[in-house]
Amino acid sequence: MAEIRDLTLSVHQLVDFLLREGDIDNRVYNSDTMAMGSKIHAAFQHKQGNEYLSEVYLKETFLREDAKVTIEGRADGIIIGQKYPIIDEIKSTVAPLDVFYNEQKEWHLAQAKCYALMYCHDKKLDKAVVRLTYISQIDDSRMMKEFTYSVDELLSDTIALIDEYLAFQRQQFKHIEERNKSAKTLKFPYKDFRPGQREMAKYAYSVAKKGGVFFCEAPTGIGKTMSTLYPSVTAFGSTKNEKVFYLTAKASGRLSAFDAMTKLYEAGFHGRDSLIMAKDKICPNPGAACNPDECPFAKSYYSKLRAVTKEALETNQRFSTDFVREIARQYEMCPFELQLDLSLWADVIILDYNYFFDPIVYLQRYFDDTVDSSNFVMLIDEAHNLIDRGRSAYSESINTDLITDVKKSLKKHKVQKIKNALNKLKTSLEFEDLNIGDSRRLTEIPKPVVKALDAIQKAHIAMNKEPHPSLGDSYAELGRRCHRFSFIDENYAQNTTLYARRFGNNYSLELYCEDPSPMLRDCLMKVKGAVIFSATLQPIDYYMDALLGDKSFPYLILPSPFPEENFDLMIAPMVSTRYKDREKTYDEVAKYLKEFVSARTGNYFIYFPSYEYLDNIRPYLDFGDADVFEQERDMNDDEKTLFLSRFLPNPENTTVGLLIIGGSFSEGIDLVDDRLIGVGVVGIGLAQICFEKELIREFYEKKNGNGFEYSYMNPGVNKVMQAVGRLIRSENDRGAALLIDDRYMKSEYRELFARTWKGYNLVTSVEDVKENIHNFYKKN
């Protein structure tokens, strides 16, 4: 007798995969039409009588020869009180209703018939009416199509869908069997565990096995990527876990996870993994809109998907960026959408935070409320970045400068309704009583702004009724912002502060989230468990509270695995870099840095508080014959790579990089051995005082009395620790760090550094720097 497999699917997962046909078309399916569709659905449901039941949750399990398949979902509406219940499936669209119906009838009918069957079985009924309700987003016109089915007909059609899906799924069942078998015998891919690595892996395995949330600070060298992936993968062999998601803030972290998976495959793991790239990094047709008239990769995408998926599963183990690009090119399909669709069949998915935590771009196929994600395990790397990323996910702004740019870009386009709406929006944002530099809190969005946003949405939807050329990137950006702004205001207003501000002639209206922890925690409550980790999570209770609103989670803080004698930490406590003292201390800071760099030939990173500070101290800096390179604003990936390539191994001449603390060169940079022997940090990493930072300070001052710590001090210290962390990247690295600021000697700062850096040397003069470095290298 065949083994009975458990499979749980939403109605959408079942029907979409089998019956969806046609193109990717952002004129029909986009954020505006989806938002408008939700409003239209809700308004239609609200107007119905008491016999109309909205959003009815239905679930049923069907036993097949080798599988127990559970189907679940929410019916838009069920009308009771008549001879037979009417199962209502509501669809709204910008397309002509009859065209939309004829193109998508089978897809839409199948959804409704699944709900009808489950309702009939639940209520022991022998017949039901299925109604497809189509509503135009252009003129609110409606079209309804009704079909009556016996429960036997509904059962026959639904079973046919399930069996067709199972024919595809049986290959996946076999894959899961092989995956789990290999996971049970998988050996650690290296000869030995590094110090601290086994302990971290033990706790990560416990999360994968039992669930829950666990925090870990794992300094560079522990091997935190493998410490979390290895135990999570081995847990496939002893649990019902379905997927492991490895989330990071930066591309370098995702590539590290991808490389770690390579090691696990080499060690004998039989699984699949997907690396999800941002759309702008993988799109083969940048600048084109996602519709078949502008992009050939959108045409017939869904019609091709099943065959291409079958080929991908039969021929490849890893859905890497290169593989996805090649197969998408071969079949002329959108690689961005294809990587997401292929990830459904992967065991480990490597992706950015936004695909889990962002309320708009999160992957609904995994994390929607209608999906069972209770057997998913989340590995959240670089977690010190998640607080700010969480704030960004639940914040948004609209400003008049962007609107002006959009108006300029539309001059040659005949879209008068959109131009009129833009004029209304710009006028509504220009608050007459707001002076230059002012920011003012508001209790609600002004009515003229609400009307203007609504006008833009309607004009955009109306424009999409007919084919049209792309209106450009600035228009797309404004549309994205308007949609996010409205969505956040409607759903998360209680978690944000609304304010207006003015810089010169640029007016903006902003929603800012001071505390993202309620939303981040809600996300994590959907999944089985999460390991939240970083090289720098000090103080740990701050990160637990700011991320998840609770300080009681289990945690582990590991020491650095590298020899302490390989690292020389110097603190220069006689110099103030406070804003009020900077003019007086530029020369002194420059002298410390000159001595630090000249003491030994090699490569150095020097971090400054801001571009403004760097510009001001630049005339004072003197590094002799050293090659000096300066971080520039908005460097692209190629420029960053070129910048780092100048820090060569075995240098015969000194090279100095002048960088900004907290910038793109402050973390995720691995210059091993002698490619970096010195790191200098000017200041204590504090952000400049601004309206948003003050909102955070005020919020936490009221909440727990730690406003300054949560807004300024703790994030600043983390920036310093990340910057210094660029120095010792392997057991063979040796180097010195110089921290310049008198505040480093305050007890509250020393306590934060104490766990990571066990000792330091005070350098109270320029001469002390030279002597200290000489003694350090003499010992080493």
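Residues numbered from 1 in each chain as written. Predicted model: local features only at pLDDT ≥ 70, side-chain atom pairs only at ≥ 80, totals over all residues. Heavy atoms only, no water.

(A) Layout of the overall build of the protein chain. When helices and strands are counted, the protein chain shows 27 helices and 25 strands. Relative to a compact globule of 780 residues, whose C-alpha radius of gyration would be 28 Å, the protein chain shows 29 Å and is just as compact. Dimensions along the principal axes, computed over C-alpha positions, put the protein chain at roughly 95 × 70 × 50 Å. When contacts within the protein chain are restricted to residue pairs at least 6 apart in sequence, those whose partners lie at least 24 apart make up 79%. (Helix = DSSP H or I, 4+ residues; strand = E, 2+ residues; numbered from the N terminus. Rg over C-alpha atoms; globule rule 2.2 N^0.38 Å. Contact = heavy atoms within 4.5 Å.)

(B) Local environment of helix H1 (residues 11-19). Where H1 is concerned, the buried positions are Val11, Leu14, Val15, Phe17 and Leu18. The arc that holds the buried residues of H1, viewed along the axis, is 165°, so those residues lie on one side. Where H1 is buried, its residues contact strand S1 (5-10), strand S3 (67-79), helix H3 (97-123), helix H4 (151-185) and helix H9 (301-315). (Buried < 20%, exposed > 50% of the residue type's maximum accessible area, 1.4 Å probe, protein only. Arc of directions from axis to C-beta.)

(C) Region of the structure containing the pairing of strand S12 (residues 376-380). Counting buried residues along S12, five of its five residues qualify, which places the element largely inside the surrounding structure. Burial along S12 is two-sided: the residues Phe376, Met378 and Ile380 and Val377 and Leu379 are all buried. Summarising the sheet, strand S8 (residues 243-248) and S12 pair through five bridges and their orientation is parallel. Across the sheet, Phe245 pairs through a bridge with Met378, a residue of S12. Note: S12 against strand S17 (residues 529-534), four bridges, orientation parallel. (Pairing = 2+ DSSP bridges.)

(D) Structural view of the packing of helix H5 (residues 197-210) against helix H6 (residues 224-234). For the pair H5 and H6, the least separation of the axes is 8 Å and the interaxial angle reads 40°. One element, H5, and the other, H6, form an angle in the oblique class. The handedness of the crossing between H5 and H6 comes out as right-handed. Together, Gln197, Met200, Ala201, Ala204, Tyr205 and Ala208 of H5 and Lys224, Met226, Ser227, Thr228, Pro231, Ser232 and Thr234 of H6 make up the contact between the two elements. Of the residues contributing to the contact of H5 with H6, the split by class is seven nonpolar, five polar and one charged. (Axes fitted to C-alpha atoms, helices over the stretch in contact; angles between N-to-C directions. Parallel < 35°, antiparallel > 145°, perpendicular 65-115°, else oblique. Left-handed = near helix turned anticlockwise from the far one by under 90°. Nonpolar A, V, L, I, M, F, W, Y, C, P; charged D, E, K, R; others polar.)

(E) Inspection of the pairing of strand S21 (residues 627-630) at higher detail. Pairing of S21 with strand S22 (residues 655-660) involves four bridges; the strand directions are parallel. Each bridged residue has a counterpart across the sheet, and for Asp627 the counterpart in S22 is Thr655. For the crossover that starts at S21, traverses helix H23 (residues 637-645) and ends in the parallel S22, the hand is right-handed. (Right-handed = clockwise from strand over helix to strand, strands pointing away.)

(F) Just the sheet that holds strand S13 (residues 396-399), in detail. The four strands are arranged S13-S16-S15-S14 in an open sheet whose pairing can be described as antiparallel. Edge positions in the open sheet fall to S13 and strand S14 (439-442), since each of these has one partner strand only. Between one strand axis and the next, the sheet turns by 20° as a mean value, whatever way the strands run. When S13 meets strand S16 (residues 506-512), the two strands line up antiparallel, connected through four bridges. When the bridges of S16 are listed, Glu396 appears paired with Leu511.

Functional significance is not addressed by these values, which are geometric in nature.
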